[in-house]
Amino acid sequence: MSAILTLPQPDDWHLHLRDAELLNSVVPFSARQFSRALVMPNLQPPVTTCEQALAYRQRILAAVPSGQAFNPLMTLYLTDRTNPLDITHAALSEFILAAKLYPAGATTHSEAGVTAIERIEPVLDAMQEHGLVLCVHGEATHASVDVFDREAAFIEQILTPLVQRFPTLKVVLEHITTREAVEFVENSPAHIAATITPQHLLYNRNTLFQGGLRPHYYCLPVLKRETHRQALLTAATSGNPKFFLGTDSAPHRRQDKESACGCAGCFSAPAALELYAEAFEHAGALDRLAGFASHYGADFYGVARNTATVTLVRENWQVPEAIPCNGDTVIPLAAGDTLSWRLRDSG
Ligand code: DOR
Ligand code: ZN
């Protein structure tokens, strides 16, 4: 087996970078692997206007280590009050590629999200007209829906009518977790795609409870049963360009995860590409990693494919147990695990 794997430099099409000290601590982990990232807008307060998105972009750029090139691409956070004019402005910016639909109450910092899809129909009209991508957190939020069924319920109740009502709107169903999501995307036209995280390719819901409650494996949508993981792995390694890399790396301070009401999010950035390589290797599909990680997302978003390369070396290494952050600690996904591919630092 080859000991070296060279790939076109990948992009991360779904990333949380936070702000202030945490931003400064986490940006270098993404910048050393990825050429570009689509940065999620769920700050507090949320990033709802182009001015806020471009100012946030400058704060991210200021946190990139010198000598590294990293291009953050931005998203707007949709609310019930989003103005269609903000969509028109966003579509004119080369740095704002999408707007994010958080159903209110679905996940971390989604309180300001959309309470009923009808409220944003004029905004979706503008997005469809101007070609701005709709990124979707696809979970039904009604308390009566079982937490493990929320994605499937969202697809049936909200997403299916939405794509019928807006037949040319570009949509990315983010961080998919179920066979139902895979089938929905497979059976949709080419302008409907999905991102897949490393945790949903590598783990099933048993991992959350293995030997006790493991908060650092808790994210939303929550890990599902093994049959769903298998469906995701098959989709990711199929060579179908509708499925591409989006880590959903979502750092939280250790005390906020290890708490009586721990928050959702897995901080995968310290080992993201290596974790995907692990999953693809187990599926016998390392030759398909470049398409998934480096080509299909760029093609979908209509940006040039990267020409630089990154190199993974077959070498055991241990994911750090903890990452220090300005007096706090963030625990990475797969902390302490031994991985068999290691990203070679450039330069
Ligand atoms: O687990 C998650 N964490 N899912 C999300 O949708 C949001 C994210 C976060 O911002 O922490
Ligand atoms: Zn996310």
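Preceding block: the structure.
Residues numbered from 1 in each chain as written. Chains lettered and ligands numbered in written order. Predicted model: local features only at pLDDT ≥ 70, side-chain atom pairs only at ≥ 80, totals over all residues. Heavy atoms only, no water.

What about the overall build of the protein?
Reasoning step 1: Regarding its fold elements, the protein presents 12 helices and 13 strands.
Reasoning step 2: For the protein, the C-alpha radius of gyration of 19 Å lies close to 20 Å, the compact-globule estimate for 347 residues.
Reasoning step 3: The C-alpha extent of the protein, read off along each of the three principal axes, is 50 × 45 × 40 Å.
Reasoning step 4: Across the 347 residues that make up the protein, the buried fraction comes to 58%.
Reasoning step 5: In the protein, 73% of the contacts between residues at least 6 apart in sequence involve partners at least 24 apart.
Reasoning step 6: Accessible area for the protein stands at about 13800 Å²; split by element, carbon and sulfur atoms hold 50% of it.
Reasoning step 7: With 26 positive and 36 negative side-chain charges, the protein shows a separation of 3 Å between the mean positions of the two kinds. (Helix = DSSP H or I, 4+ residues; strand = E, 2+ residues; numbered from the N terminus. Rg over C-alpha atoms; globule rule 2.2 N^0.38 Å. Buried < 20%, exposed > 50% of the residue type's maximum accessible area, 1.4 Å probe, protein only. Contact = heavy atoms within 4.5 Å. Areas by Shrake-Rupley, 256 points an atom, 1.4 Å probe, with all protein chains shown as cover. Lys, Arg positive; Asp, Glu negative; His and termini not counted. Charge placed at Lys NZ, Arg CZ, Asp CG, Glu CD.)

As for the sheet that holds strand 9 (residues 243-245)
Reasoning step 1: Strand order in this open sheet of 8 strands is 2-3-4-5-6-7-8-9, and the pairing throughout is parallel. Bordering the open sheet on either side are strand 2 (12-15) and strand 9, each of which pairs with just one other strand. Strand-to-strand twist across the sheet, computed as the mean angle between neighbouring axes with direction ignored, equals 30 degrees. (Pairing = 2+ DSSP bridges. Axes fitted to C-alpha atoms, helices over the stretch in contact; angles between N-to-C directions.)

Here's the deal with the sheet that holds strand 1 (residues 4-8)
Reasoning step 1: The 3 strands are arranged 1-10-13 in an open sheet whose pairing can be described as antiparallel. Looking at which strands have only one partner, the edges of the open sheet turn out to be strand 1 and strand 13 (338-343). Within this sheet the neighbouring strands show an average axis-to-axis angle of 35 degrees, counted without direction.
Reasoning step 2: In the packing of helix 11 (residues 272-282) onto the sheet, contacts are made with strand 1, strand 10 (309-318) and strand 13, and the angle to strand 13 comes to roughly 115 degrees.
Reasoning step 3: Taken strand by strand, helix 12 (residues 289-301) contacts strand 1 and strand 10, and its axis lies near 30 degrees from that of strand 1.

Brief notes about the environment of A193
Reasoning step 1: The residue A193 is located in strand 8 (residues 192-196) in this model.
Reasoning step 2: Among the residues examined, A193 registers a relative accessible area of 0% and is labelled buried.
Reasoning step 3: Expressed as a C-alpha distance, the spacing of A193 and V136, which sit 57 residues apart in the sequence, is 10 Å.
Reasoning step 4: Beyond its immediate sequence surroundings of up to four residues, A193 is in contact with V171, V172, L173, V185, K242, F244 and F300.

A few points about the packing of aromatic side chains
Reasoning step 1: Under the criterion given, the structure shown has 9 aromatic pairs.
Reasoning step 2: Pairing Y203 with Y217 gives two aromatic rings, centres 5.2 Å apart and planes at 85 degrees, and the pair type is edge-to-face. With Y203 in the loop between helix 7 (198-202) and helix 8 (206-209) and Y217 in the loop between helix 8 and helix 9 (226-236), this pair connects stretches of sequence that are 14 residues apart.
Reasoning step 3: When the centroid spacing of 5.5 Å and the interplanar angle of 80 degrees are considered together, the rings of F300 and Y301 count as edge-to-face.
Reasoning step 4: Among the residues examined, F300 registers a relative accessible area of 10% and is labelled buried.
Reasoning step 5: Following the ring pairs from residue to residue traces out a cluster consisting of W13, F244, F300 and Y301.
Reasoning step 6: For R57, the ring lying beneath its charged end belongs to F95, and the centroid distance is 3.5 Å.
Reasoning step 7: Here R205 stacks its cationic end above the ring of F148, 4.6 Å away from the centre of that ring. (Phe/Tyr/Trp six-rings, centres within 6.5 Å; stacked < 30°, edge-to-face > 60°. Lys NZ or Arg CZ within 6 Å of the ring centre and 35° of its normal.)

Some words on the site of ligand 1
Reasoning step 1: Of all residues adjacent to ligand 1, which total 14 residues, the nearest are R18, N42, T107, L220 and H252.
Reasoning step 2: One of the backbone N or O atoms of G265 is found 3.2 Å from an oxygen atom in ligand 1.
Reasoning step 3: About the coverage of ligand 1: the protein hides 100% of its 290 Å² of free accessible area.
Reasoning step 4: Taken atom by atom, the bulk of ligand 1 overlaps the largest cavity.
Reasoning step 5: A per-class count over the shell around ligand 1 returns 4 nonpolar, 8 polar and 2 charged. (Near = heavy atom within 4 Å. Polar contact = N/O pair within 3.5 Å; in protein donor to acceptor, adjacent residues only side chain to side chain. 1 Å grid on protein atoms, 1.4 Å probe; cavity = no way out; pocket = protein on both sides within 12 Å on 5 of 7 lines; lining within 4 Å. Sits in = over half its atoms within 2 Å of the grid points. Nonpolar A, V, L, I, M, F, W, Y, C, P; charged D, E, K, R; others polar.)

Quick look at the pattern of salt bridges
Reasoning step 1: What the rule picks out here adds up to 13 salt bridges.
Reasoning step 2: Across the salt bridge formed by E121 and R165, the nearest N and O atoms sit 3.3 Å from each other. Linking E121 in helix 4 (residues 121-130) with R165 in helix 5 (residues 150-165), this pair joins segments that are 44 residues apart in sequence.
Reasoning step 3: Note that E315 is salt-bridged to R342, the shortest N-O span being 3.7 Å. Of this pair, E315 sits in strand 10 while R342 sits in strand 13; the two residues are 27 residues apart in sequence, bridging distant segments of the chain.
Reasoning step 4: A cluster of three or more residues bridged by salt bridges with shared partners is formed by R253, D256 and D328. (Salt bridge = Lys/Arg side-chain N within 4 Å of Asp/Glu carboxyl O.)

Topic: the nonpolar core
Reasoning step 1: Counting residues in hydrophobic clusters, the biggest one holds 105 residues, and the most contacted among them are L17, L78, M127, L134 and L289.
Reasoning step 2: Aside from chain neighbours lying at most four places away, what touches M127 is L78, I87, A99, L132, V133, L134 and L169.
Reasoning step 3: Of all hydrophobic cores here, the second largest spans 17 residues; its members include W13, L73, C135 and Y301. (Core = buried A, V, L, I, M, F, W, Y, C linked by side-chain atoms within 4.5 Å.)

Just distances and angles here, no functional claims.
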